[in-house]
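Listed here are the chains, written in short residue letters.
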Amino acid sequence: MAFDGRTVFDSLSCAFPRGRITVVLGGSGSGKSTLLRLIGGLIQPEAGRVEVAGHDVTDPHTSLAEVRSRIGMLFQHGALLDSLSVFDNLALPLREHTDLDRAAIAQAVRAQLDAVGLGNVEGLLPGQLSGGMLRRAALARAIIRSPEILLCDEPFSGLDPASLKRIEILLTRINRQRGITLIVVSHHIASTLRLADQALLLLPGRSVCGPPAALRSSSDPEVADFFDEELDVEALDREERAAT
Amino acid sequence: MTPVALVRELGFRAIRVVAELGSMLLFTLSFLRAAVVPPLRPQRFVDEIYNLGVLSLVIVGVSGFAVGMVLGLQGYNTLVRFGAEGSLGAVVGLSLVRELGPVLTALLVTGRAGSATAAEISSMVTSEQLDGLRMMSVDPMDIVVAPKAIAMIFVMPILTSLFVLAGLLGAYFIGVGLMGLDAGVFLSSLKSSIRFADDIGGCYLKALIFGFLAGLIATFRGYHATPTAAGVSAATTSTVVVTSVAVLIGDYFLTALWGFQI
Amino acid sequence: MSRSPLRDLIAGVFVVIGLAAVAFLAFRVGETPFEHRGGFPLFATFDEVAGLKDRAPVDIAGVRVGRVTSIGLDENYRARVAMDIDPKVELPADTSASIVTSGLLGDRYISLQLGGDTEILKPGEEIGFTESAVVLERLLGKFAGNFGSTGEPSKTEGQ
């Protein structure tokens with residue numbers, strides 16, 4: 001798969017099992033977010049196929065609206081509309097795509113906000129929320145239409161440990177209680193190991209897929225290097241010298 | 001740079017300009033389509049009338065009044081030398097209605113509302129808000145771009161009228177109030193010089209076209225901004241620059257083609 | 001999107017005031033076209049209309065009563081001018097029309113002098129008595145020609 005003249009993935013073939021949590025790992029620029037955008041049909045690959053629940057999203061005849069009604073997406077910065085209150089942000093997909101009346105929408109929005117532990121912020125604008133609250137509000141919006149698949153782009157980035165833990169718990173709960181398939185892009189190794197049923201590691205030119213524990217103890221040097229959390233200054237020096 | 005590289009660079013740029021024009025045309029078609037094909041969003045349209053129109057009122061009114069005062073003063077001082085100060089109304093009225101009204105209003109609105117539109121849309125691109133809408137199967141063209149672009153076309157003639165009226169008021173204030181010109185002379189000279197079909201008609205034709213240009217360029221630049229902070233500021237700046245140049249050049253052609261009668 | 005009644009109201013007021021401004025500019029500031037109020041046509045034939053323009057004013061004693069709608073040649077190659085006159089004005093049949101200039105170099109317009117006839121000109125009729133435009137350059141040319149024997153030959157003389 002190539003994107004924007006730049007080849008991001010040469011050959012990536014991976015299945016994301018239904019009802020499980022798959023974490024996509026990889027360094028910066030390895031194409032993790034690109035992968036999510038491909039699944040959501042936000043960008044088209046130059047070559048290759050992306051199939052979501054039996055629909056090929058790279059096929060122009062596929063109804064993206066149909067596919068996207070089954071997908072929720074949690075963006076890195078929340079992507080709530082700045083000009084709307086939290087309540088209106090959550091209500092927007094319901095107003096657009098359901099025939100629910102005002103009361104039913106209000107009830108659904110409040111239920112969803114309660115589920116992510118945000119009781120009294122519905123009148124605030126997204127800009128008035130803290131990072132952790134914003135992430136949870138965005139999560140509530142992503143699942144308000146009860147999707148089958150939830151795509152999460154860097155859900156743990158830029159959060160304090162308490163908020164991070166809370167998001168982890170919420171994601172786990174969403175997966176367990178509602179049976180939603182999760183595809184989580186992250187480079188947060190600790191969370192991945194706690195969360196993932198399956199991990200997909202994107203490396204330059206190839207990818208490795210398997211249970212996170214297996215990946216961690218892999219003998220593959222590049223994989224081992226990715227999971228190696230020690231600060232190996234000398235190794236980096238050697239690498240840079242080799243490059244020059 | 002070698003000659004070959006120069007030619008290549010020129011060709012590359014020319015192709016890019018043509019491609020950009022083509023993409024603007026497609027953009028125009030898609031927002032016009034979004035504006036007429038359901039779901040229609042009257043509430044969003046009203047919001048944008050407020051954002052683009054109401055919030056530009058003060059700057060348009062104050063600038064119009066100031067421009068009218070200057071025209072009144074300069075016009076009076078020049079005309080009085082020929083004993084023709086009775087034509088002040090005609091001079092001010094024709095300059096405001098034919099040229100200054102539509103052009104200056106378009107420039108002011110671009111600076112106030114066009115830049116804000118570009119900044120808002122480009123920051124929505126940067127923070128993935130437009131992608132967020134797409135993932136909810138809400139077309140950003142429909143909910144973000146079309147209301148802004150259409151509202152711009154709609155508010156421009158209104159703001160232009162207010163600018164012209166404020167300008168006439170300013171000139172009246174100077175000519176009649178300060179210089180002691182007879183009010184009747186001023187008003188009759190104004191009324192007899194401005195013709196409905198070509199002067200007023202031309203004024204609104206210009207205002208509509210400038211509104212379209214301002215709305216199109218602001219939304220287009222915002223929508224196609226590079227998703228970074230620098231991209232937001234580049235989109236904002238280029239909106240103001242490109243719209244201003246387009247309005248000034250467009251004004252020449254509209255004036256020439258419309259053929260105002262002397 | 002989010003509803004804000006106050007903001008909607010302000011936007012509504014803006015539109016109403018704006019449309020009122022558009023209407024005011026269009027119908028009060030601009031010259032009110034007589035043809036929309038049902039003016040009646042009159043014609044007049046002149047030997048010379050140099051400087052008279054389409055839409056030039058037609059007035060009586062300096063008061064605006066109509067405008068020129070078209071200028072053309074008749075079968076005898078004289079200038080035939082069509083005018084649109086305010087229907088409130090009743091012109092005697094022996095009214096005369098002359099082309100005059102506002103100021104020394106100003107615009108040409110048609111001035112009507114009323115006669116004493118009891119008959120009234122009806123729409124589409126012809127004003128019988130006309131006085132043509134004075135062409136300043138020719139006057140000057142003749143004037144210069146009179147002195148031409150002593151000075152340089154005038155270029156404007158050869159009419």
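Residues numbered from 1 in each chain as written. Chains lettered and ligands numbered in written order. Predicted model: local features only at pLDDT ≥ 70, side-chain atom pairs only at ≥ 80, totals over all residues.

When you go through chain A residue by residue, the secondary structure sums to 10 helices and 10 strands. In terms of overall dimensions, chain A has C-alpha extents of about 65 × 45 × 30 Å along its principal axes. Buried positions account for 36% of the 244 residues belonging to chain A. Expressed as a percentage of contacts within chain A between residues at least 6 apart in sequence, the contacts between residues at least 24 apart total 65%. (Helix = DSSP H or I, 4+ residues; strand = E, 2+ residues; numbered from the N terminus. Buried ≥ 20, exposed ≤ 12 C-beta atoms within 10 Å, placed from the backbone. Contact = placed C-beta atoms within 7 Å.)

A few words on the overall build of chain B. Along the backbone of chain B there are nine helices and zero strands. Helices (α) and strands (β) of chain B occur, in sequence order from the N terminus, as α-α-α-α-α-α-α-α-α. Taking the principal axes of the C-alpha coordinates as reference, chain B spans close to 65 × 55 × 30 Å. Within chain B, buried positions represent 48% of all 262 residues. Of the contacts made within chain B by residues no fewer than 6 positions apart, 87% connect residues no fewer than 24 positions apart.

Turning our eyes to something else, we now look at the interface of chain B and chain C. Listed per partner, the contact involves 25 residues of chain B and 21 residues of chain C. Within the residue set of the side of chain B that touches chain C, elements represented by two or more residues are helix 2 (42-53), helix 6 (140-178), helix 7 (183-193) and helix 8 (196-223) of chain B. Class assignment for the residues of the side of chain B that touches chain C results in 15 nonpolar, five polar and five charged. (Nonpolar A, V, L, I, M, F, W, Y, C, P; charged D, E, K, R; others polar.)

Residues and elements named next belong to chain A. With respect to topology, six strands assemble into an open sheet ordered 6-7-8-3-9-10, the strand pairing being mixed. Edge positions in the sheet fall to strand 6 (71-74) and strand 10 (206-210), since each has one partner strand and no second. The sheet shows a mean angle of 15° between the axes of neighbouring strands, taken without regard to direction. Its contacts with the sheet put helix 1 (residues 32-39) on strand 3 (21-26), strand 7 (149-153), strand 8 (181-185) and strand 9 (198-203), and the angle it makes with strand 8 is roughly 145°. (Pairing = 2+ DSSP bridges. Axes fitted to C-alpha atoms, helices over the stretch in contact; angles between N-to-C directions.)

Residues and elements named next belong to chain C. Direction of pairing for strand 2 (residues 57-60) relative to strand 3 (residues 63-73): antiparallel, over a ladder of four bridges. Bridging from a neighbouring strand, Ile60 pairs with Val63 of strand 3. Between strand 2 and the antiparallel strand that follows it, strand 3, lie two residues; Ala61 among them carries a positive phi value of about 50°. By the bridge criterion, seven bridges tie strand 3 to strand 4 (residues 79-85) in an arrangement that is antiparallel. Paired with Leu73 across the strands is Ala79, a residue of strand 4. Linking two consecutive strands that pair antiparallel, namely strand 3 and strand 4, is a turn of five residues; a positive phi of about 60° is found at Tyr77 within it.

Residue and element names in this part refer to chain A. Over its 12 residues, helix 5 (residues 131-142) extends 16 Å from the first C-alpha to the last, a length consistent with the 16 Å expected when each residue adds 1.5 Å. Burial runs high along helix 5: 10 of the 12 residues are buried. All buried positions along helix 5 are accounted for by Met133, Leu134, Arg135, Arg136, Ala137, Ala138, Leu139, Ala140, Arg141 and Ala142. (Expected span 1.5 Å × (residues − 1).)

Bringing the domain arrangement of chain A into the picture now. Residues and elements named next belong to chain A. The domain architecture assigned to chain A consists of domain 1 (2-70 + 149-243) and domain 2 (83-146). The C-alpha-based centres of domain 1 and domain 2 are spaced at 26 Å. The partner domain 2 presents 10 residues to the 11 residues of domain 1 that form the contact. Tallied by class, the residues present in the side of domain 1 that touches domain 2 amount to six nonpolar, three polar and two charged. (Domains from an automatic or database assignment.)

What follows concerns the interface of chain A and chain B. Taken together, the contacts link 15 residues of chain A with 10 residues of chain B. Elements supplying a minimum of two residues to the side of chain A that touches chain B: helix 2 (64-68), strand 6 and helix 3 (86-97) of chain A. Take the side of chain A that touches chain B: its biggest share by element is four residues, from helix 3 of chain A. When the residues that make up the side of chain A that touches chain B are grouped by side-chain class, the tally is nine nonpolar, four polar and two charged.

To continue, consider the packing of helix 3 (residues 57-79) of chain B against helix 4 (residues 88-126) of chain B. Residue and element names in this part refer to chain B. At a closest axis distance of 10 Å, the pairing of helix 3 and helix 4 adopts a crossing angle of 150°. You can see that helix 3 and helix 4 cross each other, and the crossing is right-handed. From helix 3, Ile59, Val60, Ser63, Val67, Gly68, Leu71, Gly72, Gly75, Tyr76 and Leu79 reach across to helix 4, where they touch Leu88, Val91, Val92, Ser95, Leu96, Leu100, Leu104, Thr105, Leu108 and Arg112. (Left-handed = near helix turned anticlockwise from the far one by under 90°.)

This part covers the sheet that holds strand 5 (residues 96-101) of chain C. Overall, mixed pairing links the eight strands, which are arranged 7-1-4-3-2-6-5-8 (chain C) in an open sheet. In the strand order of this sheet, the two ends are held by strand 7 (126-127) and strand 8 (129-131) of chain C, each with one partner.

This part is about unusual backbone geometry. Cis geometry marks the peptide bond from Pro38(B) to Pro39(B), where omega comes out at 5°. On the secondary structure map, Pro39(B) appears in the loop between helix 1 (3-36) and helix 2. One non-glycine residue, Glu154(A), lies in positive phi territory at about 50°. With respect to the helices and strands, Glu154(A) occurs in the loop between strand 7 and helix 6 (161-178). According to the C-beta neighbour criterion, Glu154(A) is buried, with 20 such atoms within 10 Å.

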